[in-house]
Each structure stands twice: as C-alpha cells, then as structure tokens.
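For reference, the chains in residue letters:
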Amino acid sequence: MGRLLIKLIGLILLFTGLYFFGQNIIFVSGYYSYFYRSLPATASVLATMAGIFALVFFPRETGNLGWIFLGIGIVLVFLSGGVILQPTSLWNFIVAFTALASGYKLLNEGRINF
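Predicted, not measured: the structure shown is a model, and the values here were computed from it. (Residues numbered from 1 in each chain as written. Predicted model: local features only at pLDDT ≥ 70, side-chain atom pairs only at ≥ 80, totals over all residues. Heavy atoms only, no water.)

Student: Explain the confidence of the model for the protein here, please?
Tutor: Interpretation of the predicted coordinates at a detailed level should be avoided for regions scoring low in pLDDT. The predicted model of the protein has a mean per-residue pLDDT of 80, with 84% of residues at 70 or higher. Looking across the protein, the model is least confident in strand 2 (residues 83-85), with a mean pLDDT of 69, and most confident in helix 1 (residues 2-22), with 88. (pLDDT = per-residue confidence, 0-100. Helix = DSSP H or I, 4+ residues; strand = E, 2+ residues; numbered from the N terminus.)

Student: Would you take a moment to explain the environment of N24 for this structure?
Tutor: Among the secondary structure elements, N24 is positioned in the loop between helix 1 and strand 1 (25-27). On the basis of relative accessible area, N24 is assigned to the buried category, the value being 15%. Each C-alpha atom, one on N24 and one on T88, is 6.8 Å from the other, the two residues being 64 residues apart in sequence. (Buried < 20%, exposed > 50% of the residue type's maximum accessible area, 1.4 Å probe, protein only.)

Student: How should I be thinking about the packing of helix 1 against helix 5 (residues 90-109) in this particular structure?
Tutor: If you want to describe how two helices pack, look at the angle between their axes and the distance between the axes. Running from N to C, helix 1 and helix 5 point in directions that differ by 150°, and their axes come no closer than 7 Å. Viewed along their axes, helix 1 and helix 5 adopt a mutual orientation that is roughly antiparallel. The two elements helix 1 and helix 5 cross, and the hand of that crossing is left-handed. (Axes fitted to C-alpha atoms, helices over the stretch in contact; angles between N-to-C directions. Parallel < 35°, antiparallel > 145°, perpendicular 65-115°, else oblique. Left-handed = near helix turned anticlockwise from the far one by under 90°.)

Student: Would you take a moment to explain a nonpolar patch on the surface for this structure?
Tutor: A cluster of nonpolar side chains, namely I25, F27, I74, F78 and L85, defines an oily patch on the protein surface of about 540 Å² accessible area. For the nonpolar patch, the secondary structure elements donating two or more residues are strand 1 and helix 4 (65-79). In this fold, F78 is placed in helix 4. (Patch = residues over 30% accessible without salt bridge, like charges linked within 9 Å, V, L, I, M, F, W, Y side chains within 5 Å. Areas by Shrake-Rupley, 256 points an atom, 1.4 Å probe, with all protein chains shown as cover. Salt bridge = Lys/Arg side-chain N within 4 Å of Asp/Glu carboxyl O.)

Student: Please explain the pattern of salt bridges as it appears in this structure.
Tutor: Side chains that differ in sign of charge can pair as their charged atoms come close. Within the structure shown, the criterion is met by one salt bridge. Residues K105 and E109 are paired through a salt bridge, measuring 3.4 Å at the closest nitrogen-oxygen approach. Placement of the pair is K105 and E109 together in helix 5, with a separation of four residues, close to one helical turn. You can call E109 partly exposed: its relative accessible area is 39%.

In structure tokens form, the structure reads like this:
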C-alpha cells in the first residue's frame, strides 16, 4: 500500500509540474491565404500524430522511428510560429521544475535522495 501511495504522489507532482509549465505556453493557429505558408503547421501535426501512433501501436516494429517523427513534429511546431512562450516568474519556474523532477523521481525510483 505504501508503494502505491508513493507512486500516486509522484504522478500528482508530475502533473502539477506540467500544469505550471503549461500555463505560459500558448499554441495558436492562423489563417493562411496561400497553401504553402501552412505547410510547417500541417507537417508538424502529421509528424506528431505519426510518432504517437507508431509509439503506441507498434513500439517493437518501428523502433526509434516513432521518436524521430515526434522530434520532427516538435521542431516543426516551433518553426511554424504556432507556439508563444509567455514570460514567467522565477518562482513559478522553480515550483514547476521542482514538482516535475520530484514527481518523476518518485514515480521511477520511489524515493528522493537529497
């Protein structure tokens, strides 16, 4: 029972850290008058979908191909200008990073070494 509680606390901390990081990230889409201006945005969605699909449904068959597609999708999101990073306070960053790192450590190892 104690191990399950530690994993649950780790998962809650992990999601709390992701929430605090995600507060200052805005994903936008825009209307493009010409088809070729929206190609990076379309390619980023397709590459991300292909990467997630490959990792979820065919993890052994595709090997690292899913991770490659996911990486290409993330890079294309930033290149398309569809991500706006708002300024954040140092306190918000420290809380988010600490919660994320602690949650990951608790979820994987079940303890935090100081």
